[in-house]
Amino acid sequence: MKPETRSATFLQVDQDVEAVSSFYEGVEILSIRDALEKYEWVEDYFWRAIKRDQDEYTKEVDVEDVNGYFIRTFPNVKVEFPVEACLYLKSPRKQKVHNLIIAEENSELNIISGCTSHPGVGSGMHLGISEFYVKKNAKLTFTMIHSWEHNIEVRPRSAAIVEDNGVFISNYVLMNPVKLVQMYPTAYLDGENAKAIFSSIIVALEKSVVDAGSRVVLRGKKSSAEILSRTISKGGVIYAKGHIVGDAPNTRGHLECRGLMLSDEGVIHAIPELEAKYPNVDLSHEAAIGKIAEDEIFYLMSRGLSRDEATAAIIRGFMDVEIKGLPEYLKREIDKAIDMVEKDLF
Amino acid sequence: MDMLRVVNLGVKVDGKKILEHVNLYVQKGQTYALFGPNGSGKSSLLMTLIGNPTFKVFDGRIMFKGKDITSLPTDERVKMGMGMSFQTPPKVSGVKLIDVLKYCARIGGYKEEDIYEFAEMLNMKEFLYRSVNVGFSGGEIKRSELLQLMLMNPDFVMLDEPDSGVDLENVAVIGEAINKLLERDKKEEERRRSGLIITHQGHILDYVDADYGLILYKGRVACIGNPYDILEQISKNGYEGCLRKCLREFRNLENLNNQNKNLNQK
């Protein structure tokens, strides 16, 4: 990717950081090891959103040779171009990553994170901790595009803490086969009027197991959440989970899971959960799973599309979620990922 | 000059007979208005002609431009020059109207810039980048359907209630578009396009003149005649009254009954 369309880049191969550079003075990017050395206060953010002993995988990442990125915008800085962070799994062992992202007050930051494995890598595991801190009036958009292989197991652990009027937007795209993805990223909206939006587009091909949810805990007054997922199974198993907790007055949230089954093999299991702890909490969800509607295929055929073209158009349309607040270049990245998977769905 | 020849057509949906012994002959340049009470099989006939797989032909056949198309898939029929506007088309979320129109234009031999011109004409420009039929009002659906049809530029045009739920202002717009589509603005001998229009109340006939009217009743063609006479009879005497008059004058069912009696006697 051209550096002129990025504000900063980061590349980590296995445990080694190979490249770190910022092209924009408002963005600081370091390896997490360097950041811990440079600033004493980084320690305060380390393991704050996520507990060290949350599960056996977080414990495994709590080791000396952990690496990862530290990305921070300075206060009042709006970064137009995204930061690109790439985590590359090359050798057949466990990659342990701990990332820290801080959007300081009044700042705006976009991150595209591509996580991928070396073609033909025997087997491997990616364990990644990501802690996001969105300060007052800041907006952080994090788009993760996963592209693994049949024998890779992936267990990210992510959490965000959002302050007053802060906005956290998380987009997740998984199109390639994978042995297992297991994650339940959580946003804690501590601030008043804070907002979180999670969108995911997940395709599970044969032998893939994807257990992916999004959780938002509404702790600040008038905070709100939106969780949106589109899942497609062509032989793979998907658990599409979502959980919104209304833990403060005047909060609201909406959860939408839609699934499309493309073969007799595979499973889509949608599990939406809503939890209200105050009377004036407004939570809703809709979930629907089905196959491609025959009347839609026929309708498009009556406009000259062949059966295959009609099917492809409908699948593409299904994945074309109107992701709110998504900049145009990020939309193009997602479109590219969709283009690549299209041929696998027939 | 054959356009469409329907021979003794029988159709089932989910094992239930909904059309039987339907015969119809449409020449180039002719437009038929199709009448009939609710559930008489009007939409089913159009759906069968365009090849909706839900409608299974168990008897007879459909000849289009001299070719038997009874078992041809819908997209092949469309490529041969059939086109249809639906009464209640499905919503296809995520598929933009503009993308569907590009396919239509390809069929009709139009260029991409023509799409915008036609869209302008039908007041549909602001809908081009929306998911097709999602959140469209009744009138918007009719205009969108007609826009698609115009770009497909078909030789044989089927319209399923193009006028229902359309306000007066837009009925004129739609009427004009249909006239153009069916070359009703040309001299009779110059017309090459044919049409089959389902109309419940006949509003569209104020704008589009049809050559023949046809009543479908309980899955059969009950009578054929002057569309304006038929419309008048329907509005005066209802379908039942119209059919009684129709059948007495044309004596077709009586003849059929007599034939059947003769056959039974033999």
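Residues numbered from 1 in each chain as written. Chains lettered and ligands numbered in written order. Predicted model: local features only at pLDDT ≥ 70, side-chain atom pairs only at ≥ 80, totals over all residues. Heavy atoms only, no water.

### Observations concerning the overall build of chain B
Here's step 1: Along chain B, the regular secondary structure elements total eight helices and twelve strands.
Here's step 2: On C-alpha atoms alone, chain B measures out to a radius of gyration of 19 Å, which is about the 18 Å that the 2.2 N^0.38 rule sets for 266 residues.
Here's step 3: Expressed as lengths along the three principal axes of its C-alpha atoms, the size of chain B is roughly 65 × 40 × 40 Å.
Here's step 4: Relative to its 266 residues, chain B shows a buried fraction of 52%.
Here's step 5: Restricting the contact set of chain B to residue pairs at least 6 apart, pairs at least 24 apart contribute 68%.
Here's step 6: As displayed, chain B offers around 12600 Å² of accessible surface, 47% of which is attributable to carbon and sulfur atoms.
Here's step 7: For chain B, the centre of its 37 positive side-chain charges and the centre of its 36 negative side-chain charges are spaced 7 Å apart. (Helix = DSSP H or I, 4+ residues; strand = E, 2+ residues; numbered from the N terminus. Rg over C-alpha atoms; globule rule 2.2 N^0.38 Å. Buried < 20%, exposed > 50% of the residue type's maximum accessible area, 1.4 Å probe, protein only. Contact = heavy atoms within 4.5 Å. Areas by Shrake-Rupley, 256 points an atom, 1.4 Å probe, with all protein chains shown as cover. Lys, Arg positive; Asp, Glu negative; His and termini not counted. Charge placed at Lys NZ, Arg CZ, Asp CG, Glu CD.)

### So, the packing of helix 5 (residues 138–152) of chain B against helix 6 (residues 168–181) of chain B
Residues and elements named next belong to chain B.
Here's step 1: With their axes 11 Å apart at the nearest point, helix 5 and helix 6 run at an angle of 15° to one another. When the axis of helix 5 is compared with that of helix 6, the two are roughly parallel. Helix-helix and strand crossings are classified by hand; for helix 5 and helix 6 the assignment is left-handed. Contacts from K142, R143, L146, L149 and M150 in helix 5 reach N170, I174, A177, I178 and L181 in helix 6.
Here's step 2: In terms of residue class, the contact of helix 5 with helix 6 is made up of seven nonpolar, one polar and two charged. (Axes fitted to C-alpha atoms, helices over the stretch in contact; angles between N-to-C directions. Parallel < 35°, antiparallel > 145°, perpendicular 65-115°, else oblique. Left-handed = near helix turned anticlockwise from the far one by under 90°. Nonpolar A, V, L, I, M, F, W, Y, C, P; charged D, E, K, R; others polar.)

### Quick look at the pairing of strand 15 (residues 209–218) of chain A
Residues and elements named next belong to chain A.
Here's step 1: Buried residues dominate strand 15, accounting for eight of its ten residues.
Here's step 2: Here four bridges tie strand 12 (residues 180–183) to strand 15, and the two strands are oriented parallel to one another. Residue pairing across strands places M183 opposite A212, the latter belonging to strand 15.
Here's step 3: Where strand 15 meets strand 17 (residues 237–246), ten bridges bridge the pair, whose relative direction is parallel. (Pairing = 2+ DSSP bridges.)

### A short note on the packing of helix 3 (residues 97–108) of chain B against helix 5 of chain B
Residue and element names in this part refer to chain B.
Here's step 1: Look at helix 3 against helix 5: their axes get within 6 Å of each other, and the N-to-C directions meet at 30°. The angle between helix 3 and helix 5 falls in the class roughly parallel. In this structure, helix 3 uses L97, V100, L101, C104, A105, I107 and G108 to contact helix 5, whose residues at the interface are S144, L147, Q148, L151 and M152.
Here's step 2: Tallied by class, residues from the contact of helix 3 with helix 5 come to nine nonpolar, three polar and no charged.

### Side note on the domain arrangement of chain A
Residue and element names in this part refer to chain A.
Here's step 1: Looking at chain A, the domain boundaries give domain 1 (8–292) and domain 2 (293–346).
Here's step 2: Here the C-alpha centroids of domain 1 and domain 2 sit 25 Å apart.
Here's step 3: Three residues stand out in domain 1 for area buried against domain 2, namely M175, I201 and I292, and they jointly supply 26% of the buried area on that side.
Here's step 4: Summed over the shared surface of domain 1 and domain 2, the number is three residue pairs in polar contact (both at pLDDT 80 or more).
Here's step 5: Counting only elements with at least two residues in the side of domain 1 that touches domain 2, the list comes to strand 7 (108–117), strand 9 (139–147), strand 11 (167–174), strand 14 (195–205), strand 16 (224–234) and strand 18 (252–261).
Here's step 6: A breakdown of the residues in the side of domain 1 that touches domain 2 according to their chemical character gives 16 nonpolar, seven polar and six charged. (Domains from an automatic or database assignment. Buried area = accessible area lost by both parts, 1.4 Å probe. Polar contact = N/O pair within 3.5 Å; in protein donor to acceptor, adjacent residues only side chain to side chain.)

### Some words on the interface of chain B and chain A
Here's step 1: Across the boundary between the two partners, chain B contributes 30 residues, which contact 19 residues of chain A.
Here's step 2: Across the chain B/chain A interface, buried area totals approximately 1800 Å², and carbon plus sulfur atoms make up 64% of it.
Here's step 3: Looking only at chain B, the three residues that lose the most surface to chain A are B:D75, B:P90 and B:Y103, adding up to 26% of its buried area.
Here's step 4: At the junction of chain B with chain A, the criterion picks out one salt bridge.
Here's step 5: A salt bridge links A:R303 to B:E145; the nearest nitrogen and oxygen atoms lie 2.6 Å apart.
Here's step 6: Between chain B and chain A we count six residue pairs in polar contact (both at pLDDT 80 or more) in total.
Here's step 7: Contributing elements (two or more residues each) for the side of chain B that touches chain A: helix 1 (42–50), helix 2 (74–80), strand 6 (82–85), strand 7 (92–96), helix 3 and helix 5 of chain B.
Here's step 8: Ranked by residue count, the leading element in the side of chain B that touches chain A is strand 7 of chain B, at five residues.
Here's step 9: Residues of the side of chain B that touches chain A, tallied by class, amount to 17 nonpolar, eight polar and five charged. (Salt bridge = Lys/Arg side-chain N within 4 Å of Asp/Glu carboxyl O.)

### Examining the pairing of strand 17 of chain A
Residues and elements named next belong to chain A.
Here's step 1: Extensive coverage of strand 17 is indicated by the burial of seven of its ten residues.
Here's step 2: Looking at chain direction, strand 17 and strand 19 (residues 267–276) are connected through ten bridges and run parallel. Considered in strand 19, the bridge of Y239 is made with H269.

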